[in-house]
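Observations on the three-dimensional arrangement
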Amino acid sequence: MKTKRPENRNRTFALITIPIVALFFCFNTLPLIRGFIYSFTNFKGYGTFNWVGGRNYADLFTDARVGNSYLFTFKLAVTATIIVNVLSLIMALALNSKIKFKSALRGLYFIPNILGALVVGYIFNYFFTYIVPYLTKTTSMLADKKTAWIAIVIVCAWQSIAMNTIIYISGLQTVPAEVYEAGALDGATGWAKFWNLTFPLIMPFFTINMVLCMKNFLMVFDQIVALTAGGPAQSTESISYLIYKNGMSGGQFGYQSANAVIFFLVIVTISVLQMKFLNKREEQL
């Protein structure tokens, strides 16, 4: 019986793993491979197609609309990442302090993360379109190219702060009380206490939040759909939204598949660079 147990256990693990791997391959890996193949064609999403080699990739670098979408996406991602991490760190410090109803407040602050991005987007769409103009006697932020992206940043940040706050709270709770006691003996208070004691010890959590934030905001999609649909005048077209809109309904499936491949490489490169830079900072601290 003892010799059969490991075999039965391995068989059970295999029976559990194989269906999951098969589903992952069918719904993730296989579409990725097919998209890469289509990126070398002029496929419109229907009908026949011809091979065009690397023409799609060459055209991407001369397409002004694609270039503007990358600029907008990077501007939004960098701005939202900074805002979210600053505010969530401040929030985490407040919720980790000795205050009443600490657990209840943590639950309340996490509610925005539970709501669907599209639901939140449509609610804020109504807020920016009707309520804010009525109170301020101005036009909607979503109708102005200069302010539409700010509205998107507000919505993205409002929903993302909750998760980052929880991660920072987890990091703050790993800091030993002895560290603060030793710092107090050296006269560390206020900003010096945070910068010299707290922040170096929660740096791994800061790295996680920065990488995840940048990756998620680079892939922003739902908020664009609900708030602006890429307008006004294509000024808020994110890369993901452009790939979806022109690839699925614009007859550019092959062309946007090439865009998706480039976008994937850009996200991977940025994430790797972030990890290397922030890991070096961890070692220095």
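Computed from a predicted model, the values in this text were never measured in an experiment. (Residues numbered from 1 in each chain as written. Predicted model: local features only at pLDDT ≥ 70, side-chain atom pairs only at ≥ 80, totals over all residues. Heavy atoms only, no water.)

1. Here we look at the overall build of the chain
What the chain contains, in helices and strands, is twelve helices and zero strands. Going from N to C terminus, the chain has its helices and strands arranged as α-α-α-α-α-α-α-α-α-α-α-α. By the compact-globule yardstick of 19 Å for 285 residues, the chain is too spread out, its C-alpha radius of gyration being 24 Å. Its C-alpha atoms give the chain principal-axis dimensions of roughly 80 × 75 × 35 Å. A buried classification covers 36% of the 285 residues belonging to the chain. In the chain, 70% of the contacts between residues at least 6 apart in sequence involve partners at least 24 apart. (Helix = DSSP H or I, 4+ residues; strand = E, 2+ residues; numbered from the N terminus. Rg over C-alpha atoms; globule rule 2.2 N^0.38 Å. Buried < 20%, exposed > 50% of the residue type's maximum accessible area, 1.4 Å probe, protein only. Contact = heavy atoms within 4.5 Å.)

2. A short note on the side chain of Q159
With respect to the helices and strands, the residue Q159 is situated in helix α6 (residues 148–172). Not counting the four nearest positions on each side in its chain, Q159 is found in contact with P112, N113, L115, G116, A117, V120 and Q223.

3. Considerations on the nonpolar core
Among the nonpolar cores identified, the biggest contains 38 residues, and L76, F128, I152, F217, L227 and F263 are the most heavily contacted of them. Within the residue set of this core, elements represented by two or more residues are α2 (55–60), α3 (64–95), α5 (117–136), α6, α9 (203–218), α10 (222–227), α11 (239–248) and α12 (253–284). Among all residues touching F217, those that are not within four sequence positions of it are T73, L76, A77, A80, T81, V84, C156 and S160. Residues A92, F194, F199 and F206 belong to the second largest nonpolar core, which totals 14 residues. (Core = buried A, V, L, I, M, F, W, Y, C linked by side-chain atoms within 4.5 Å.)

4. Points about the confidence of the model for the chain
Looking at the chain as a whole, its pLDDT mean stands at 88, while 96% of the residues score no less than 70. Of all helices and strands in the chain, the one with the weakest mean pLDDT is helix α4 (residues 102–114) (75), whereas α2 scores best (95). (pLDDT = per-residue confidence, 0-100.)

5. Overview of the packing of aromatic side chains
What characterises a pair of aromatic rings is the spacing of the ring centres plus the angle enclosed by the ring planes. Enumeration over the complete set of coordinates arrives at 20 aromatic pairs. When the ring of F199 is compared with that of F206, the centres are 5.2 Å apart and the planes differ by 65 degrees; the resulting orientation is edge-to-face. With respect to burial, F199 and F206 carry one shared label: buried. What links up through ring pairs into an aromatic cluster is the set Y38, F43, F49, W51 and F253. A cation over a ring is seen here: K75 above W149, with NZ or CZ 4.5 Å from the ring centre. Across from the ring centre of Y134, 4.8 Å away, lies the NZ or CZ of K137, which sits over that ring. (Phe/Tyr/Trp six-rings, centres within 6.5 Å; stacked < 30°, edge-to-face > 60°. Lys NZ or Arg CZ within 6 Å of the ring centre and 35° of its normal.)

6. Some thoughts on a nonpolar patch on the surface
Taken together, the side chains of F25, L30, I33, F36, I37, F49 and W51 define a hydrophobic patch exposed on the protein surface, amounting to about 670 Å² of accessible area. Structurally, the position occupied by I37 is in helix α1 (residues 4–38). (Patch = residues over 30% accessible without salt bridge, like charges linked within 9 Å, V, L, I, M, F, W, Y side chains within 5 Å. Areas by Shrake-Rupley, 256 points an atom, 1.4 Å probe, with all protein chains shown as cover. Salt bridge = Lys/Arg side-chain N within 4 Å of Asp/Glu carboxyl O.)

7. Description of unusual backbone geometry
Residue P232 is bonded to the preceding G231 through a cis peptide linkage, with omega at -5 degrees. Take P232: it is sitting in the loop between α10 and α11. Positive phi values are uncommon outside glycine, yet K137 reaches one of about 60 degrees. Among the secondary structure elements, K137 is positioned in the loop between α5 and α6.

8. What about the pattern of salt bridges?
In a structure, side chains of opposite charge can pair up when their charged atoms sit close to one another. As enumerated under the stated definition, the model contains one salt bridge in all. E237 is the salt-bridge partner of R65, the closest N and O atoms lying 2.5 Å from each other. Residue R65 is found in helix α3, and its partner E237 is found in the loop between α10 and α11; the two are separated by 172 residues along the sequence.

9. Quick notes on the packing of α5 against α6
Two elements in contact, α5 and α6, have axes whose closest approach is 11 Å; the angle formed by their N-to-C orientations is 135 degrees. In terms of orientation, α5 and α6 fall into the oblique class. Classified by chirality, the crossing of α6 by α5 is right-handed. Residues A117, V120, F124 and F128 of α5 touch α6, and the partners they reach there are A151, I154, V155, W158 and Q159. (Axes fitted to C-alpha atoms, helices over the stretch in contact; angles between N-to-C directions. Parallel < 35°, antiparallel > 145°, perpendicular 65-115°, else oblique. Left-handed = near helix turned anticlockwise from the far one by under 90°.)

10. Details of the packing of helix α7 (residues 177–185) against helix α8 (residues 190–201)
Between α7 and α8, whose axes approach to 11 Å, the crossing angle comes to 160 degrees. In terms of orientation, α7 and α8 fall into the roughly antiparallel class. Every pair of crossing elements has a handedness; the one defined by α7 and α8 is right-handed. For the pair α7 and α8, the contacting residues are V179, Y180 and G183 in the first and K193, L197, T198 and L201 in the second.

11. Re α5
What sets the pattern is the α-helix's 3.6 residues per turn: residues three or four places apart point alike. At F128, α5 shows its largest kink, close to 35 degrees. Within α5 the residues assigned to the buried category are A117, V120, G121, F124, N125, F128, V132 and P133. Where α5 is buried, its residues contact α6 and α10. Just downstream of α5 lies K137, where phi reads positive at about 60 degrees. (Bend = angle between axes of the 7 residues up to and from the residue.)

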